[in-house]
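Below are the chains, spelled out letter by letter.
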Amino acid sequence: MNKIYPSASAALADIVRDGQTLAVGGFGLCGIPEALIAALRDTGVQQLTCISNNAGVDGFGLGLLLESRQIKKMISSYVGENKEFERQYLAGELELEFVPQGTLAEKLRAGGAGIPAFFTKTGVGTLVAEGKETRDFDGEIYLMERALTADVALIKAWKADKSGNLIYRRTARNFNPMAATAGKITVVEVEEIVENGTFDPDQVHTPGIFIDRIVLNAHPEKRIEQRTLRTES
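Reading guide: rules and limits
- Residues numbered from 1 in each chain as written.
- Predicted model: local features only at pLDDT ≥ 70, side-chain atom pairs only at ≥ 80, totals over all residues.
- Heavy atoms only, no water.
- Pairing = 2+ DSSP bridges.
- Helix = DSSP H or I, 4+ residues; strand = E, 2+ residues; numbered from the N terminus.
- Core = buried A, V, L, I, M, F, W, Y, C linked by side-chain atoms within 4.5 Å.
- Buried < 20%, exposed > 50% of the residue type's maximum accessible area, 1.4 Å probe, protein only.
- Contact = heavy atoms within 4.5 Å.
- Arc of directions from axis to C-beta.
- Polar contact = N/O pair within 3.5 Å; in protein donor to acceptor, adjacent residues only side chain to side chain.
- Axes fitted to C-alpha atoms, helices over the stretch in contact; angles between N-to-C directions.
- 1 Å grid on protein atoms, 1.4 Å probe; cavity = no way out; pocket = protein on both sides within 12 Å on 5 of 7 lines; lining within 4 Å.
- Points joined across faces, edges and corners; volume = space filled by probe spheres on them.
- Nonpolar A, V, L, I, M, F, W, Y, C, P; charged D, E, K, R; others polar.

> Quick question: what am I supposed to make of the pairing of strand β7 (residues 134-137) here?
The two faces of the sheet receive side chains in turn, since in a regular strand these alternate between them. One ladder, built from four bridges, connects β7 with strand β8 (residues 140-146); its direction is antiparallel. Among the inter-strand pairings, Asp 136 is bridged to a residue of β8, identified as Ile 141. Hairpin connection from β7 to β8: two residues lie between these consecutive antiparallel strands, with Asp 138 at a positive phi of about 55 degrees.

Right, here's the structure in full:
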């Protein structure tokens, strides 16, 4: 089975539709599938629910989909770098489900593992707990959180072999492994594709069984979210 597609547009053409839920890897602008996000914008699909740690920045990453008004709901843990996100949310134009960062990672991991829900102390006694089941374990109160899955997962890795076995590079790993397993269909954008058998099995971070489609983006932009320079005296 050939998993390699000639472009991000080709990889998404027959699998994205209006109203879907998508899991998108990345943390800030680190490890985001930037070519796949741009191709998703160009499909024109609407009413998307996006599960992602954050919503990119204005004009880049998921910020592109906010500008084109293709996202109806974000499930995120941090959105402070995007002014358009703020504007749409405060205007009542965008739904938002805030999830603590570790809980969001575990919700995706559980979804990928086929675990429907789990208990955590995070959020107990706060707004996060409103409307959710709690339970006492050994005298401590825990909050039940439902797992998350997605119709399509868009992720970024450093290298893939032709079977879809993946290696991430340093902190660009972030949410990508969890998002990869949570998608019914998972598309990965990589900087290099190598022959099967190149990787030592112990090097593989995400096994190829979770990956359906591979897109090469050998020269991603990799923007720096914030840069602080020393002022010369």
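> Quick question: what am I supposed to make of the nonpolar core here?
A general feature of soluble globular proteins is that nonpolar side chains tend to end up buried together. Among the nonpolar cores identified, the biggest contains 28 residues, and Leu 12, Leu 40, Met 74, Phe 85, Leu 154 and Val 187 are the most heavily contacted of them. Of all the secondary structure elements, the ones that give two or more residues to this core are α1 (8-12), β2 (21-24), α2 (34-43), β3 (48-51), α3 (63-67), β4 (71-76) and β9 (150-161). Sorting elements by how many residues they give to this core places α2 first, with four residues. Residues within four places of Leu 154 in sequence aside, it is in contact with Leu 12, Leu 22, Ala 23, Val 24, Gly 25, Pro 33, Leu 36, Leu 40 and Val 187. Of all hydrophobic cores here, the second largest spans 24 residues; its members include Ala 23, Ile 51, Ala 157 and Met 178.

> How should helix α4 (residues 83-90) be read in this particular structure?
Side chains of residues three or four places apart in an α-helix project in the same direction, reflecting 3.6 residues per turn. Within the span of α4, buried status applies to Glu 84, Phe 85 and Gln 88. Looking straight down α4, one finds its buried side chains confined to an arc of 105 degrees; they lie on one side. Turned more than 90 degrees off the buried face of α4, the exposed positions are Lys 83 and Leu 90. Here the buried face of α4 lies against α3, β4 and β5 (95-98). The N-capping residue of α4, defined by a side-chain oxygen 3.1 Å from the backbone nitrogen of Glu 84, is Asn 82.

> In this structure, what is going on with the sheet that holds β8? I would like to understand it.
The pairing of strands in a sheet happens through backbone hydrogen bonds and is either parallel or antiparallel. Ordered by their spatial adjacency, three strands build an open sheet running β6-β8-β7, and the pairing between neighbours is antiparallel. A single partner strand is all that each edge strand has here, and the edge strands are β6 (117-120) and β7. Strand-to-strand twist across the sheet, computed as the mean angle between neighbouring axes with direction ignored, equals 35 degrees. Sitting on the sheet, helix α5 (residues 101-113) touches β6 and β8, and the angle it makes with β6 is about 155 degrees.

> Explain the layout of surface pockets to me, please; I cannot follow it from the model alone.
Where empty space is left can be seen by rolling a probe of water-molecule size over the atoms. Taken as a whole, the largest pocket holds about 280 Å³ of empty space. With three residues, the single largest contributor to the lining of the largest pocket is β9. For the lining of the largest pocket, a count of residues per class yields six nonpolar, two polar and seven charged.

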